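One letter stands for each residue in the lines below.
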Amino acid sequence: MADESQLARAGLFEARVPRYTSYPTAPQFSPTAVGAAEMRGWLSEIAPGSQISLYIHVPFCRRLCWFCACRTQGTTSDDPVVAYVDTLTAELALLRATLPEGVTLSRLHWGGGTPTLLPPASIARLTRAIFDVAPMAATGEFSVEIDPNEIDDARLDALAGAGMNRASIGVQDFDPLIQKTIGRDQSFEITESAANKLRARGIRSLNADILFGLPHQTDARISASIQQLLSLNPDRIALYGYAHVPWMARRQVMIPSDALPRPEERLELFETARDLLVWDGYEDIGIDHFARPEDRLAVAQKAGLLRRNFQGYTDDIAPVLVGLGASSISRFPQGYAQNAPGTSQYVKAVRGGNFATVRGHVFTGEDRLRARMIEALMCDFRIDADEICHSFGLTRAQLKEYFAPVSKEFGDMVRIDDSGLEIPVESRPLTRMVACLFDAYTVAAGSHSHAV
Ligand SMILES: C[S@@+](CC[C@H](N)C(=O)[O-])C[C@H]1O[C@@H](n2cnc3c(N)ncnc32)[C@H](O)[C@@H]1O
Ligand code: SF4
């Protein structure tokens, strides 16, 4: 694989860069650019009869794992969760009143937090309210993030009965010492039982999230965890780099920073895990995903149809993604709109009869061009000159001007010719750093994580 000294000279081990699930990235959103009026306007401009994606955010968890950087609050009682579903239902009613006729859902995704802590009656109520706004399209997918520790037969039956056909389970690592250090106990048996129960209910694609770069993680430990994971045969695997950002995610102060692997060791951990997955027949997808060749994500990648959105990689090509719930972000052809991050502010707005949009971004100037080039790098490791010149009315000479900072920074580690720009396999750890050179906004350093 990569020549480590070359990657080191390119600054890989010091770099902090965004993961580019959007462009511009969320820290660039402005409270003056986008509010409830834009949200309403953009929704009403959706073409009647088109397909959209819907994301529902549930910011509650029963346990609060120390490693977790997600914005979520712990609760032992169901009361706040049931009340939150009331607000989601009210927000769905606003959506219903604003959307044009005949819209269907190409994707429905519930994330969090832990959506599986909803009691069965709330699951049924929320899905009724969703399908009252828009039914699933014939080829639609309904996916849910599952905490294997926080699920039982009644809730799985409610989700499967509502049409869930994809699921993602959080694993992180199976090693007991690592689990103890990151504050997340989860026996292999519990994970295995969740996977079996999901499959018994006809889930056609099962994803598992695992992490590299965790405290006390070694090549031997990550290899053992991957072997255990492979015995569950997930259709997709997300192999994320652990982001240690205790200044943003306070719980992470519980994690001893001297037990964390160094950046060079992180790269080795990633490569060890990747080699095991590829050897077992998984296709590598973008910077951090793996999929069985017959899985829709792998099929989309081969067809050049892989895309990137707030949930990571997707084969969904719907132009609109509506995000509901506290902190959710919607994407429209016109720009991005984000809901109030705090639950109380979100609830107050929606209960007052309005969308809870508090910030966002309106696409102007070169935004769409730069967004597409960054997405193409993150998905395909290349920018196709024909595609970009044709879609954005550029000449080859104009396109080459956008590539100039890349040759200056990375020289022949990145290939640039008349067909476009390509990051060869051995330079792929640099992908987010290359993407950053197409980012025209200065992004706050605090939001960045290790480039590897
Ligand atoms: C919303 S959580 C998972 C769903 C569910 N609550 C669970 O715990 O199984 C989504 C994923 O984000 C990833 N994640 C959370 N904190 C992270 C961090 N600090 N660095 C990298 N990935 C993180 C984890 O892999 C996690 O499974
Ligand atoms: S990993 Fe999942 S269960 Fe743990 S705190 Fe994060 S969202 Fe909650």
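Below is a summary of the structure that appears in this document. (Residues numbered from 1 in each chain as written. Chains lettered and ligands numbered in written order. Predicted model: local features only at pLDDT ≥ 70, side-chain atom pairs only at ≥ 80, totals over all residues. Heavy atoms only, no water.)

## Some thoughts on the pattern of salt bridges
Phase 1: Summed over all chains, the structure comprises 33 salt bridges.
Phase 2: With its nearest N and O atoms 3.6 Å apart, the salt bridge here joins Arg262 to Glu264.
Phase 3: Classification of Arg262 as partly exposed rests on a relative accessible area of 47%.
Phase 4: Relative accessible area serves as the criterion here: at 25%, Glu264 is assigned to the partly exposed category.
Phase 5: Among the charged side chains, a salt-bridge network with shared partners connects Arg107, Glu141, Arg166, Arg204, Arg296 and Asp315. (Salt bridge = Lys/Arg side-chain N within 4 Å of Asp/Glu carboxyl O. Buried < 20%, exposed > 50% of the residue type's maximum accessible area, 1.4 Å probe, protein only.)

## A closer look at the site of ligand 1
Phase 1: Residues in close proximity to ligand 1 total 20 residues, the closest being Gly112, Gln172, Arg184, Asp209 and Ala243.
Phase 2: Gly113 is positioned such that a nitrogen or oxygen atom in its backbone is 3.0 Å from a nitrogen atom of ligand 1.
Phase 3: Gln252 has a polar side-chain atom sitting 3.3 Å from a nitrogen atom of ligand 1.
Phase 4: Of all elements in the fold, only strand 6 (136-146), strand 7 (166-172), strand 8 (205-212) and strand 9 (236-241) reach the threshold of two or more residues within the shell around ligand 1.
Phase 5: Of the residues belonging to the shell around ligand 1, the class tally is nine nonpolar, seven polar and four charged. (Near = heavy atom within 4 Å. Polar contact = N/O pair within 3.5 Å; in protein donor to acceptor, adjacent residues only side chain to side chain. Helix = DSSP H or I, 4+ residues; strand = E, 2+ residues; numbered from the N terminus. Nonpolar A, V, L, I, M, F, W, Y, C, P; charged D, E, K, R; others polar.)

## Focus: a negative patch on the surface
Phase 1: Taken together, Asp3, Glu4, Asp219 and Glu268 make up a surface patch of like negative charges.
Phase 2: Tracing the sequence through the fold places Asp3 in the segment before helix 1 (4-9).
Phase 3: Judged by relative accessible area, Asp3 falls into the partly exposed class, the value being 40%. (Patch = residues over 30% accessible without salt bridge, like charges linked within 9 Å, V, L, I, M, F, W, Y side chains within 5 Å. Areas by Shrake-Rupley, 256 points an atom, 1.4 Å probe, with all protein chains shown as cover. Lys, Arg positive; Asp, Glu negative; His and termini not counted. Charge placed at Lys NZ, Arg CZ, Asp CG, Glu CD.)

## What about the packing of helix 3 (residues 79-98) against helix 4 (residues 120-133)?
Phase 1: Orientation of helix 3 relative to helix 4, taken along the N-to-C sense of each, is 5°, at an axis distance of 9 Å. Taken together, the axis directions place helix 3 and helix 4 in an arrangement best described as roughly parallel. Two secondary-structure elements touch here, helix 3 through Val82, Val85, Asp86, Leu88, Thr89, Leu92, Leu95 and Arg96 and helix 4 through Ser122, Arg125, Leu126, Ala129, Ile130, Asp132 and Val133.
Phase 2: A breakdown of the residues in the contact of helix 3 with helix 4 according to their chemical character gives nine nonpolar, two polar and four charged. (Axes fitted to C-alpha atoms, helices over the stretch in contact; angles between N-to-C directions. Parallel < 35°, antiparallel > 145°, perpendicular 65-115°, else oblique. Contact = heavy atoms within 4.5 Å.)

## Description of helix 14 (residues 396-410)
Phase 1: Here helix 14 contains 15 residues, and its C-alpha end-to-end distance of 21 Å stays within 8% of the 21 Å for a straight helix at 1.5 Å per residue.
Phase 2: Bending of helix 14 peaks at approximately 40° at the position of Tyr402, with proline Pro405 no more than four residues after it.
Phase 3: Every buried residue belonging to helix 14 is among Leu399, Tyr402, Phe403, Val406 and Phe410, and all of these are buried.
Phase 4: As for helix 14, its buried residues are in contact with helix 12 (367-380), strand 18 (382-384), helix 13 (385-392), strand 19 (415-417), strand 20 (420-422) and helix 15 (431-436). (Expected span 1.5 Å × (residues − 1). Bend = angle between axes of the 7 residues up to and from the residue.)

## Brief notes about the environment of Thr114
Phase 1: With respect to the helices and strands, Thr114 occurs in the loop between strand 5 (104-112) and helix 4.
Phase 2: For the pair Thr114 and Thr218, spaced 104 residues apart in sequence, the C-alpha separation works out to 29 Å.
Phase 3: Contacts of Thr114, omitting those with residues within four sequence positions, involve Val58, Phe60, Cys61, Asp147 and Glu150.

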